[in-house]
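Survey of secondary and tertiary structure
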Amino acid sequence: MAKKTIRDIDIDGKRVLVRADFNVPLRDGKVADDTRIRAALPTIQYLLDHNAKVVLMSHLGRPKGEPKDELKMDPVAETLAERLGKRVKMLDQTVGPEVKRTVEEMAPGDVILLENTRFDPGEKKKDPEFSKQLAALADVFVNDAFGTAHRAHASTVGVAEYVPAVAGFLMERELQMLGDTMNNPKEPLAAILGGAKIIDKIGVLKVLIEKAEYVLIGGGMANTFLQAQGIDVQNSLVDEEALDAAREILAHEAERQSKREEKEPQLYLPVDVVVADEFAPDAEAQVVPADEIPEGWRILDIGPETVQRFRAPLRRSKTIFWNGPMGVFEFDRFAKGTREVAGILAGLRAVTVVGGGDSAAAVAEMGLTKKMTHVSTGGGASLEFVEGKELPGVAAIEDK
Ligand code: ADP
Ligand code: MG
């Protein structure tokens, strides 16, 4: 990897400030899902094993620049202490003289957790004063928060302007896996795109069309393409703003096929879909051809014939990148397309990389996370990375 990691520096006895991604879901004042906390453990453990003083920080939720009782980091400290099997001292401030004093009194092997970085209005503004105060707590800064790497905040970028910055193991793995998928994939590469954030993903789709042998489209993304083909998709979710881009991509595909007499298509759209009479978990559902949507109905999933057609290109691929569920998987009745595609990926030997918060949640819910080569912890960050944008949090890490 081109960036320095915690393996490349001396941390013995040093104060190491770690930006982790502890933005976890809470329920009744407890951590409801500790996936992100567990993901940070290898870095923390390594630092402890190498005799560092570990100062952790993260944002949690959206407190809008002021302290909010329900977004204090205490539940994180509690879960983290359990998982580490070690005392984690929770501070009730992020910076300030008291925090500074506590850090000065730390011994190697101690762990403290600062209060929510977004309690400070300087965090999102990358305020130099706040950044300097954070930097004053550290000899070395470790960024392990890939999920926030697309944001230039004080705790991700600002602090790196004042102390040497390196990547943690989670950051390293994300950059390696996503980097290989985009820049050095085992070919053929297939991309599966779905979900609801259609306009946000058009940039990603354009990049993938250039790089991937096969592009499979489902979810809300597919509706926009069907509409762009002149099909009346009725009450389905469509992004009007993305229609032109969809038409362009369809024209590109038509041209490609005529010019090179390709037998195999690159672009795969649904040939059948599951439609519902309303947007509800208990809506009436039926499978119909993708160009025959009954009046007043809406597409909420891809159909069985479509899953069948997706199978062949996926089987031929050596690398598969998946972003966006194939349907409204939150409703059991419309989760089949997403489940089957996840099942196909889980059964393949190919390198399988899943990006996107909801896609990752769908895979986790099915218990298939371990069957994938990599499930990214970054939603927006992974998309921006795939799109080829430089992530400010990554740019701030020192080059090797
Ligand atoms: P990710 O977080 O994986 O990037 P998105 O946020 O873009 O994915 O989209 C996830 C959402 O897309 C899910 O809540 C799902 O219900 C919704 N979705 C998928 N297919 C459809 C569809 N056909 N109509 C409406 N919503 C859909
Ligand atoms: Mg999402």
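Bear in mind the structure is a predicted one, so any value in this text is a computation, not a measurement. (Residues numbered from 1 in each chain as written. Chains lettered and ligands numbered in written order. Predicted model: local features only at pLDDT ≥ 70, side-chain atom pairs only at ≥ 80, totals over all residues. Heavy atoms only, no water.)

Looking at the domain arrangement of the chain
Cut-off, in case you're wondering: Residue ranges labeled as domains rest on an automatic or database domain assignment. Buried area: the accessible surface (1.4 Å probe) lost by two parts on joining, summed over both. By definition here, a salt bridge exists when the distance from a side-chain nitrogen of Lys or Arg to a carboxyl oxygen of Asp or Glu is within 4 Å. Two N or O atoms form a polar contact when they lie within 3.5 Å of each other; inside protein one atom must be a possible hydrogen donor and the other a possible acceptor, and for residues adjacent in sequence the pair counts only when both atoms belong to side chains. In the scheme used here, Gly and all other residues not listed as nonpolar or charged are polar, with Ala, Val, Leu, Ile, Met, Phe, Trp, Tyr, Cys and Pro taken as nonpolar and Asp, Glu, Lys and Arg as charged.
Here the chain is partitioned into domain 1 (6-172) and domain 2 (185-387). When each unit is reduced to the centre of its C-alpha atoms, the spacing between domain 1 and domain 2 is 36 Å. Buried area between domain 1 and domain 2, summed over both chains or domains, comes out near 560 Å², and the portion from carbon and sulfur atoms is 66%. At the junction of domain 1 and domain 2, the tally comes to 0 salt bridges. The tally of links from domain 1 across to domain 2 stands at 0 residue pairs in polar contact (both at pLDDT 80 or more). In terms of residue class, the side of domain 1 that touches domain 2 is made up of 2 nonpolar, 2 polar and 1 charged.

Looking at a positive patch on the surface
To keep it simple, the criterion reads: Patches draw on residues past 30% relative accessible area with no salt bridge. Two like charges within 9 Å are joined, as are two nonpolar side chains (Val, Leu, Ile, Met, Phe, Trp, Tyr) within 5 Å. Residue exposure ignores everything except the shown protein chains as possible cover, and the areas themselves are Shrake-Rupley values with a 1.4 Å probe. For the charge count, each Lys or Arg is scored as positive and each Asp or Glu as negative, with His and the chain ends excluded. The atoms used to mark charge sites are NZ of Lys, CZ of Arg, CG of Asp and CD of Glu. A helix here means a DSSP run of H or I that spans at least four residues, while a strand means a run of E at least two residues long, and both kinds are numbered starting from the N terminus.
A cluster of basic side chains, namely Arg 62, Lys 64, Lys 124 and Arg 151, defines a positive patch on the protein surface. Within the fold, Lys 64 resides in the loop between β4 (53-57) and α2 (74-84).

As for the site of ligand 1
To keep things clear, this is the line we draw: The rule for a residue being near a molecule or strand is that one of its heavy atoms must lie within 4 Å of it.
The immediate surroundings of ligand 1 are formed by 20 residues, with Ala 196, Lys 201, Glu 330, Asp 358 and Ser 359 found nearest. Residue Lys 197 places a main-chain N or O atom 3.1 Å away from an oxygen atom belonging to ligand 1. In the environment of ligand 1, a nitrogen atom lies 3.3 Å from a nitrogen or oxygen atom belonging to the backbone of Gly 220. Protein coverage of the free-state accessible area of ligand 1, which is 580 Å², stands at 90%. Looking at the shell around ligand 1, the elements that each hand over two or more residues are α8 (219-228), β14 (298-302) and α12 (357-365). Across the shell around ligand 1, the residue classes break down as 6 nonpolar, 10 polar and 4 charged.

Some remarks on the nonpolar core
Worth spelling out the cut-off: Among the buried residues, those of types Ala, Val, Leu, Ile, Met, Phe, Trp, Tyr and Cys that are joined through side-chain atoms within 4.5 Å form a nonpolar core. The cut-offs for exposure are 20% and 50% of the maximum accessible area for each residue type, with area from a 1.4 Å probe on protein chains only; residues under the lower value are buried, those over the upper are exposed, and the others partly exposed.
Among the nonpolar cores identified, the biggest contains 53 residues, and Phe 146, Met 171, Leu 205, Leu 208, Ile 217 and Phe 225 are the most heavily contacted of them. Broken down by secondary-structure element, the contributors of at least two residues to this core are α6 (169-183), β9 (189-193), α7 (198-211), β10 (214-217), α8, α9 (243-260), β12 (272-276) and α13 (380-386). With 7 residues, the top contributor of residues to this core is α7. Looking at this core, you find at least three residues from each of domain 1 (6-172) and domain 2 (185-387).

Quick word on the sheet that holds strand β17 (residues 374-375)
In a beta sheet, neighbouring strands are held together by backbone hydrogen bonds and run either parallel or antiparallel to one another. Selection criterion: Strands are treated as partners if at least two bridges between them are detected by DSSP. The contact rule is simple, with two residues in contact once any of their heavy atoms fall within 4.5 Å. Axis geometry follows a simple rule: fit a line to the C-alpha atoms, using only the stretch in contact for helices, then measure angles between N-to-C directions, giving values from 0 to 180 degrees.
In space, the 6 strands of this open sheet follow the order β11-β10-β9-β15-β16-β17, with parallel pairing throughout. Edge positions in the open sheet fall to β11 (267-268) and β17, since each of these has one partner strand only. Pairing geometry for strand β16 (residues 351-355) and β17, over 2 bridges, is parallel. Paired with Val 354 across the two strands is Val 375, which belongs to β17. Helix α11 (residues 336-346) rests against β9, β15 (319-323) and β16 of the sheet, and its axis sits at about 155 degrees to β15. Of the strands in this sheet, β15, β16 and β17 are in contact with α12, which crosses β16 at around 120 degrees.

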